[in-house]
Amino acid sequence: MTTRARLTLYAALATGLAMLGLTPLLRPSGWVQSAGLLIVVVALVGAGLRRLATARPLIVLAQLVVVCYLLLLGSVGGSFTAGVLPGPGTLSAFNNLLTAAGNDISSYAIPAPATAGLRFLLIAAVALVAVAVDALAVTYRKAAPAGLPLLALYSVGTGLAGSAGGASWLWFLAAGGGYLMLLFAEGRDRLSRWGRVFRGAGAPESRDGLPTGGHRIGVIALACALLLPVLAPNWDLSLVNGGFGDGGSGSGNGSINALNPVVSLTDGLRRPDNQELIQYHGDDPALATAYLRITALDEFNGVEWKPGNQSAETVPSTMPRPTGLGSDVATSPMDTQIQISSSLSTDWLPAPYPISRVDVSGNWRFEPDVGAVIGDRGQKATGLNYTVTSLDVMPTADQLRAAPPAPGSITDHYTKLPANLPAVVKQLALQVTNGRSSDYDKAVALQDWFTTTGGFVYSSSVDPGTGPTAIATFLQDRKGFCVHFAATMAAMARTLGIPARVAVGFAPGADQGNGNYVVGSKDYHAWPELYFSGAGWMRFEPTPSRGVAPDYSGPQVAPSQNAPTEQPSARADAPAQSAPSADSSCGAPGRRQGGCGQQEPQQLPTVAAPASGGLSGQVLGLIAAGAAVLLLLLSPMLWRARLRRRRLGGGRRGPGGPGGQLTDEQVLAAWAELIDTAWDLGIPPDQAHSPRHTGERISLAADLDEPGRAAVGRVALATEQVLYAREAGPQPALGSDVRTVHQRLRASAGRGQRLRAALLPPSAARLVWRLSDRMLSARLRGQAARRRLAGALGRPLSRLRRRRRDQG
């Protein structure tokens, strides 16, 4: 490999390693593969044009053109003419993409979903940095300034990710290591073209060919990369303009910043303490099982469940009757006094659903489609005390079972499914509801499957995804928390033609007596809402061991006459997780999942999760950490193998091939390789003996045969001639002799000794000695510099003291 090709490779590798610092920003991180492909394309285009002796500005221009074309092809390729060239609608599509990206930046917290706009921004940023690094380090041969775009890439990623980035030190090691490799490759390239720089007698010589300025810039860039994310504040990539949900602990006082619903919910559930967030009071007994609802996620876009574009109006004195709620269904008004603590920041007012009246101060608007009250012009619910009147909707199972089909305005919007939803979701929904005729019975069958018969396990340690891949993985692993249960049941209901959405808020708080309740961070919750004509949006509870199953999904449910008597075939790997059943002796308060009897889980066929769009940030971090540890463990073996190749490489640097003549340095290299080979295989060196005696000792210790002894003798004799003869003269090639000794020594050693020699060669101690010598040399040079400085400063001071003494 030429030095220019090596420099190109290291420039691409440095950009790829710095890119890893951006992986915590999006979930899933499948965009990394596309960005990595563009890095490779930039390197190939640059290498090809440089080989053609193209002018340097034209190389950079060509790389930018290729990158821009591929970015447009990958993001708005559907608007291209014949799928190849940009068409009339390309500019409009690109403008829409940038607009969507801007909206996503202001709407999502980190880790944000991998929307098309955010994917484009990250991939484009990495590609432009790749062009800059390749241009500076390879085209213009200025590797040290190339650390600046790498520093920008690393600092932006770690600065935005903040605590969500996890092992930021790992990203620093990756980025810093890539930059150091780039500097080393540039130094080797400079050395191969110009040789070493002569700095005069007594001046330290740079062994890697790096100029002093390169060392200084490299150290400064790495120091800034390490300190900038620590000293700079965590920049806030807020979502929904501060809406309910990102996790994060907020400021140092432990408050919870509510930005993205799913992320905030996850953060609350994973907090080590159950931080008090809400206190509420009411006299109605139904309040004991009432959920405090925030809003509803009604748009399933192929990446996640999220709030749709809701219309908002001035809060009326009396809310309109909820969508779909008829007069035949019994309702009862329920008053609740709610106090929000200073630890909860949310754009929406938590309240039992549906709201019929609210008395609250501040700037608020009403979203009729989801029945939520949202703050206007930055209004938050933090610290507010307000009163809400809600309706306790009490349909019977028969009313829900007999509900007519939903109107088209509801089904058109609330049964939409993304094209990338795995087919297994609908297949399982059909299997679970097989034999159920009404939408209500199908909904109850889904709820019971999740809570009782499906073998699902509650775990808040699972990544909080709600997209198609996360749903398929959840169905495969049968493990997750409320977000996964709610999103998956809503998606399965939509596959059956049942209008569904995901509600977020809080499960019923802890009963303090006398109508007082307290909600903590552990009560964050999500649940599905399904639409039934005449009753409206009804809550279901698929999460085992959390929440309260509604009365209308309880023991009055009648099984279908066509229900099968046999369950589907069993999954071989499904856990036998028992969960509570809704028997007749288990009332609503007792049906907090986990509070009633048990039933054997229903088993379904194995679900194959689709290929993920990319590895998550945590997985990439673990892989990088494992690779770093593996590299550290293998470093002795790699160094020893590299040293052996240099000693036996032939030509100018090795001990030559047959018929070649060796220099004194090459003879000594051959002897050093023989000594180290014997050391690795259990015969330590002894500097007290001459080469001939050392060779005899090795031959006896290893019990070498005659060809092996003769090979050792020839290498030892050549070494003694170099060391002791006045004029050693030309020496014959020793490569074959050294290899013969190596083969004979390995043949005489045991398997354990051979394995140790390969993985942990004892001669690798020379690497430690070399590093120690360099550190000692650097320390001595530093001491000498300090003495010179002290002497330079001491002479004027001594003269000044003598002058004062003479004057005195």
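A few points on the structure. Treat the numbers as computed from the prediction; the structure is a model and nothing was measured.

### Points about the overall build of the chain
Here comes step 1: Within the chain, the secondary structure is distributed over 22 helices and 27 strands.
Here comes step 2: A fraction of 72% describes how many contacts in the chain between residues 6 or more apart in sequence connect residues 24 or more apart.
Here comes step 3: Taken as a whole, the chain presents about 37,900 Å² of accessible surface, with 57% of it coming from carbon and sulfur.

### Some thoughts on the sheet that holds strand 19 (residues 500-506)
Here comes step 1: Strand order in the open sheet made by the 4 strands is 7-19-22-23, with antiparallel pairing throughout. The open sheet is flanked by strand 7 (292-297) and strand 23 (536-539), the only strands paired with a single partner. Taking the axes of each pair of neighbouring strands and ignoring which way they run, one obtains an average angle of 35° across the sheet.
Here comes step 2: Here helix 15 (residues 482-495) sits on the sheet and contacts strand 19 and strand 22 (524-532); the angle it forms with strand 22, its principal contact strand, is near 15°.

### Thoughts on the pairing of strand 11 (residues 330-340)
Here comes step 1: Sheet topology note: the strand 6 (residues 276-281)/strand 11 ladder contains 4 bridges and is antiparallel. Of the residues in strand 11, the one forming a bridge with Ile278 is Ile340.

### A closer look at helix 3 (residues 56-76)
Here comes step 1: Taking 1.5 Å per residue as the helical rise, helix 3 with its 21 residues ought to reach 30 Å, and the 30 Å between its terminal C-alpha atoms agrees with that figure.
Here comes step 2: Taken together, the buried positions of helix 3 are Ile59, Val60, Gln63, Val67, Leu71 and Val76.

### Remarks on the pairing of strand 22
Here comes step 1: Of all 9 residues making up strand 22, 9 are buried, and the element is well covered by its neighbours.
Here comes step 2: Where burial is concerned, the two faces of strand 22 agree: the one with Tyr524, Ala526, Pro528, Leu530 and Phe532 and the one with His525, Trp527, Glu529 and Tyr531 are both buried.
Here comes step 3: Of the pairings in the sheet, the one linking strand 19 to strand 22 comprises 7 bridges and is antiparallel in character. Each bridged residue has a counterpart across the sheet, and for Val504 the counterpart in strand 22 is Ala526.
Here comes step 4: Both strand 22 and strand 23 contribute to a ladder of 4 bridges, which runs antiparallel. Counted as the bridge partner of Tyr531 is Trp537 from strand 23.
Here comes step 5: Where strand 22 folds back on strand 23, the antiparallel hairpin that results is connected by 3 residues, among which Gly534 adopts a positive phi of roughly 95°.

### Quick word on the environment of Asp347
Here comes step 1: Relative to the helices and strands, Asp347 is located in the loop between strand 12 (344-345) and strand 13 (355-359).
Here comes step 2: Taking the C-alpha atoms as reference points, Asp347 and Lys380, separated by 33 residues in sequence, lie 5.0 Å from one another.
Here comes step 3: A polar side-chain atom of Asp347 sits 2.8 Å from a polar atom in the side chain of Lys380.

### Examining a nonpolar patch on the surface
Here comes step 1: Taken together, the side chains of Tyr69, Leu73, Val84 and Leu85 define a hydrophobic patch exposed on the protein surface, amounting to about 330 Å² of accessible area.
Here comes step 2: Here Leu85 lies in strand 3 (residues 85-86).

### Thoughts on the side chain of Arg293
Here comes step 1: With respect to the element layout, Arg293 can be found in strand 7.
Here comes step 2: Residue classification places Arg293 among the buried positions, given a relative accessible area of 4%.
Here comes step 3: Within the structure, Arg293 has its side chain in polar contact with the backbone oxygen of Val370 (distance 2.7 Å).
Here comes step 4: Apart from the residues lying within four places of it in its own chain, the contact partners of Arg293 are Leu349, Pro350, Ala351, Tyr353, Val370, Gly371, Arg501, Ala503, Val504, Gly505, Trp527 and Glu529.

### Observations concerning the packing of helix 3 against helix 5 (residues 116-139)
Here comes step 1: Interhelical geometry of helix 3 versus helix 5 gives an angle of 165° and a closest axis separation of 10 Å. With respect to each other, helix 3 and helix 5 are oriented roughly antiparallel. Considering how the two elements wind past one another, helix 3 and helix 5 form a crossing that is right-handed. Of the residues in helix 5, those in contact with Arg56, Ile59, Val60, Gln63, Leu64, Val67, Leu71 and Ser75 of helix 3 are Phe120, Ile123, Ala124, Ala127, Leu128, Val131, Asp134, Ala135 and Thr139.

### Topic: the pattern of salt bridges
Here comes step 1: On inspection of all chains with the given rule, the structure shows 14 salt bridges.
Here comes step 2: Here Arg401 ties to Asp441 by a salt bridge, and the two come within 3.0 Å at their closest N and O atoms. Placement of Arg401 in helix 10 (residues 397-401) and of Asp441 in helix 13 (residues 439-453) is noted, with a sequence separation of 40 residues between them.
Here comes step 3: Note that Arg647 is salt-bridged to Glu673, the shortest N-O span being 3.1 Å. Of this pair, Arg647 sits in helix 16 (residues 617-647) while Glu673 sits in helix 17 (residues 664-680); the two residues are 26 residues apart in sequence, bridging distant segments of the chain.
Here comes step 4: For Arg647, a relative accessible area of 10% puts it in the buried group.
Here comes step 5: Relative accessible area serves as the criterion here: at 1%, Glu673 is assigned to the buried category.
Here comes step 6: Connected through salt bridges with shared partners, the residues Arg640, Arg644, Arg647, Glu673, Asp676 and Asp680 form a single ionic network.

### Considerations on the packing of helix 2 (residues 31-51) against helix 3
Here comes step 1: It is the contact of helix 2 with helix 3, at a shortest axis distance of 10 Å, that shows an interaxial angle of 150°. Crossing handedness for the pair helix 2 and helix 3: right-handed. Between helix 2 and helix 3, the contacting residues are Leu38, Val41, Val42, Val45, Gly46, Leu49 and Arg50 on the first element and Ile59, Ala62, Gln63, Val66, Val67, Leu70 and Leu71 on the second.
Here comes step 2: Split into classes, the residues belonging to the contact of helix 2 with helix 3 amount to 11 nonpolar, 2 polar and 1 charged.

### Quick look at the environment of Gly513
Here comes step 1: Relative to the assigned elements, Gly513 resides in strand 20 (residues 510-513).
Here comes step 2: Sequence spacing of Gly513 and His281 is 232 residues, and the spatial spacing of their C-alpha atoms is 9.7 Å.

### Looking at the packing of aromatic side chains
Here comes step 1: One pass over the full model with this rule turns up 19 aromatic pairs.
Here comes step 2: Centroid distance Phe450 to Phe485: 6.0 Å. Interplanar angle 80°. Geometry classified as edge-to-face. Within this pair, whereas Phe450 is found in helix 13, its partner Phe485 is found in helix 15, the two being separated by 35 residues in sequence. An identical accessibility class is assigned to Phe450 and Phe485; each is buried.
Here comes step 3: Between Phe532 and Phe540, the ring centres sit 6.2 Å apart and the planes meet at 45°, which makes this aromatic pair tilted. Assigned by exposure class, Phe532 and Phe540 land together as buried.

How each quantity is defined
Throughout this description, residue numbers start from 1 for each chain and increase along the sequence as written. Only residues with pLDDT of at least 70 are given local features in this predicted model, and only at 80 or more are side-chain atom pairs given and counted; all residues enter the totals for whole chains, interfaces and linings. Each side-chain value is worked out from all heavy atoms of the structure, with water and hydrogens disregarded. The way it works is that DSSP assigns letters per residue, a run of H or I at least four long becomes a helix, a run of E at least two long becomes a strand, and they are numbered from the N terminus. The criterion used for residue contact is that any of the two residues' heavy atoms lie within 4.5 Å. We get accessible surface area from the Shrake-Rupley algorithm with a probe of 1.4 Å; when it comes to residues, only the shown protein chains can shield them. Each pair of strands is called paired provided DSSP finds at least two bridges between the two strands. Lines are fitted to the C-alpha atoms to define the axes, a helix being fitted only along its stretch in contact, and any angle between axes, read from their N-to-C directions, falls within 0 to 180 degrees. Residue count minus one, scaled by 1.5 Å, sets the expected span of a helix. The buried label applies to any residue whose accessible area, calculated with a 1.4 Å probe on protein chains only, is under 20% of its type's maximum; exposed applies above 50%, and partly exposed to all values in between. Polar contact is defined as a pair of N or O atoms within 3.5 Å, subject to the rule that within protein one atom must be able to donate a hydrogen and the other to accept it, and that residues adjacent in sequence are counted only when both atoms are side-chain atoms. Like charges within 9 Å and nonpolar side chains (Val, Leu, Ile, Met, Phe, Trp, Tyr) within 5 Å are joined into patches, using only residues over 30% in relative accessible area that form no salt bridge. We count a salt bridge whenever a side-chain nitrogen from Lys or Arg sits within 4 Å of a carboxyl oxygen from Asp or Glu. The cut-offs work like this: below 35 degrees is roughly parallel, past 145 is roughly antiparallel, 65 to 115 is roughly perpendicular, and the gaps in between are oblique. The crossing is said to be left-handed when, going from far helix to near helix, the turn is anticlockwise and less than a right angle, and right-handed when the turn is clockwise. Throughout, the ten residues Ala, Val, Leu, Ile, Met, Phe, Trp, Tyr, Cys and Pro are labelled nonpolar, Asp, Glu, Lys and Arg are labelled charged, and all others, Gly among them, are labelled polar. In this analysis, rings of Phe, Tyr and Trp, with Trp reduced to its six-membered ring, are considered paired at centre separations within 6.5 Å, and the interplanar angle assigns stacked below 30 degrees, edge-to-face beyond 60, and tilted for intermediate values.

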